[in-house]
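A structural walkthrough
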Amino acid sequence: MPREAQESIDALIQSLFHADPAQRQSAAKTLGRIGPDASEAAPALSKALRDKESEVRYAAAFALGLMGPSARESARNLVDALTDAEPSVRNAAARSLGQIGGEGSRTIPALVHALQDAHADVRNAAAWALSLLGPAAAAAVEGLARIAKDKDSGVRWQAVSALGSCARESALAVRTLAESLTDDHADVRKQAATSLGDWSPAVDIFEAPNHDLVVKAEIPAMKKEDIKVTVEQNVLTIEGERKFDSEVARDQYHRLERGFGAFRRSFTLPATLDAS
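Here the structure is a predicted model, which is why all the values come from computation and not from measurement.

If you tally the helices and strands in the protein, you get twelve helices and five strands. Looking at the 276 residues of the protein, the share that counts as buried comes to 45%. Here the protein displays about 14,900 Å² of accessible surface, and carbon together with sulfur accounts for 48% of that area.

Printed below as a string of structure tokens:
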């Protein structure tokens, strides 16, 4: 690192302990913008998580996340910040734990506990962090399944997204995602279908002996009226939606690999073809 850059980081670290809280906050924000190159500031930022001013604590938590895995040693301090009195600090701490990849023995249980926070933004942040941790956070499946029924649609969306990342093979996750396919909010339903497994029908296109163009698509378990085929400006589009099988009780599923939800495939037709 160039000498001037190093001196700048050293000065910012000193500013984290300035008497003026605005100076401390500004220093934390700047260190965050520098990112991993300022990882040597992580210990000082960890101390700033206990600053008496909530704006400084928030800026410090946020900055640690921007440093990514290089700030992983600060995970235990961020876990402690999950109990901060200010929701904004708890929010930033949760997100930063996901960004730094803190998979320590305290991290995942702390994030699971944060899923019960009184503030929706914090619950959302905790679910988001768990989704970043992926399969390492499989133990969070029960907590995520619980908030998949949260009153806040944003929290529900993040929960079903995290279930797809953390515990796709879990029977509880499958049942929860299947139930979310009938959520009142369209975005939640769409994400539940994505978490269960993206799908797109395989298509064969060939020219028959009579020069007709034949399109064969593998679209099992769908009705003709649920499929739409159009041709516009020499582009053939096949679209539709495969709905979840409501004849099977959701709690009877042990594994669900088939994809559900909307699909759309488009193909440019040969220029010599008469689209009519």
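Next comes the rest of the description.
Relative orientation of the contacting elements helix H10 (residues 153-166) and helix H12 (residues 186-196) amounts to 5°, with a least axis distance of 8 Å. By the angle class used here, H10 and H12 are roughly parallel. Residues Ser 153, Arg 156, Trp 157, Val 160, Ser 161 and Gly 164 of H10 lie in contact with H12, whose contacting residues are Asp 187, Val 188, Gln 191, Ala 192 and Ser 195. A breakdown of the residues in the contact of H10 with H12 according to their chemical character gives four nonpolar, five polar and two charged.

Of the strand pairs in this sheet, strand E1 (residues 203-207) and strand E2 (residues 213-217) are connected by five bridges, and their pairing is antiparallel. Residue pairing across strands places Phe 206 opposite Val 214, the latter belonging to E2. Hairpin connection of E1 to E2: five residues between the antiparallel strands, including His 211 at a positive phi of 75°.

Let us look at the side chain of Asp 117. Structurally, Asp 117 can be placed in the loop between helix H7 (107-114) and helix H8 (120-133). Of the polar contacts made by the side chain of Asp 117, one reaches the side chain of Arg 90; its length is 2.7 Å. A polar contact is formed between the side chain of Asp 117 and the backbone nitrogen of His 119, at a distance of 2.8 Å. Each residue touching Asp 117, except ones within four places of it in the same chain, is listed here: Arg 90, Val 122 and Arg 123.

Moving on, we get to the side chain of Arg 57. Considering the arrangement of structural elements, one finds Arg 57 in helix H4 (residues 54-66). Separated by 2.8 Å, the side chain of Arg 57 and the backbone oxygen of Asp 51 make a polar contact. Within the structure, the side chain of Arg 57 is placed 2.7 Å from the side chain of Asp 84, a separation counted as a polar contact.

One finds Leu 31, Leu 45, Leu 78, Leu 97, Leu 111, Leu 130 and Leu 144 to be the most contacted residues of the largest nonpolar core, which totals 65 residues. If near-sequence neighbours (up to four positions away) are discounted, Leu 31 is found in contact with Ile 9, Leu 12, Leu 16, Ala 38, Ala 41, Leu 45 and Met 67. The next biggest cluster of nonpolar side chains, apart from the first, holds six residues, and it includes Ile 219, Met 222, Phe 263 and Phe 267.

As a further point, take the pattern of salt bridges. Enumeration over the complete set of coordinates arrives at seven salt bridges. Close ionic contact of Arg 90 with Asp 117 constitutes a salt bridge, the shortest N to O distance being 2.7 Å. In this pair, Arg 90 is assigned in helix H6 (residues 87-100) and Asp 117 in the loop between H7 and H8, connecting sequence segments 27 residues apart. Comparing Arg 90 with Asp 117 shows no difference in burial state: the two are buried. When the shortest N-O distance is used, the salt bridge between Asp 150 and Arg 123 registers 2.8 Å. With Asp 150 in the loop between helix H9 (141-147) and H10 and Arg 123 in helix H8, this pair connects stretches of sequence that are 27 residues apart. Residue Asp 150 shares its accessibility class with Arg 123, and that shared class is buried.

On to the environment of Met 67. Mapped onto the elements of the fold, Met 67 is located in the loop between H4 and helix H5 (75-81). Each C-alpha atom of the pair Met 67 and Ser 96 lies 8.9 Å from the other, and the pair is 29 residues apart in sequence.

Looking now at a nonpolar patch on the surface. A contiguous nonpolar patch, built from Tyr 58, Phe 62 and Leu 66 and spanning about 250 Å² of accessible area, is present on the exposed surface. As for its position among the elements, Phe 62 is in helix H4. Note on Phe 62: relative accessible area 41%, which makes it partly exposed.

This part is about H6. Taking 1.5 Å of rise per residue, the 14 residues of H6 would be expected to cover 20 Å, and the 20 Å separating its terminal C-alpha atoms lies within 8% of that figure. A large share of H6 lies buried, amounting to ten of its 14 residues. Taken as a whole, H6 has its buried residues at Val 89, Arg 90, Asn 91, Ala 92, Ala 93, Ala 94, Ser 96, Leu 97, Gly 98 and Ile 100. Downstream of H6 by one or two residues, Gly 101 has phi in the positive range, about 75°.

Basis of the calculations
Residues numbered from 1 in each chain as written. Predicted model: local features only at pLDDT ≥ 70, side-chain atom pairs only at ≥ 80, totals over all residues. Heavy atoms only, no water. Helix = DSSP H or I, 4+ residues; strand = E, 2+ residues; numbered from the N terminus. Buried < 20%, exposed > 50% of the residue type's maximum accessible area, 1.4 Å probe, protein only. Areas by Shrake-Rupley, 256 points an atom, 1.4 Å probe, with all protein chains shown as cover. Axes fitted to C-alpha atoms, helices over the stretch in contact; angles between N-to-C directions. Parallel < 35°, antiparallel > 145°, perpendicular 65-115°, else oblique. Contact = heavy atoms within 4.5 Å. Nonpolar A, V, L, I, M, F, W, Y, C, P; charged D, E, K, R; others polar. Pairing = 2+ DSSP bridges. Polar contact = N/O pair within 3.5 Å; in protein donor to acceptor, adjacent residues only side chain to side chain. Core = buried A, V, L, I, M, F, W, Y, C linked by side-chain atoms within 4.5 Å. Salt bridge = Lys/Arg side-chain N within 4 Å of Asp/Glu carboxyl O. Patch = residues over 30% accessible without salt bridge, like charges linked within 9 Å, V, L, I, M, F, W, Y side chains within 5 Å. Expected span 1.5 Å × (residues − 1).

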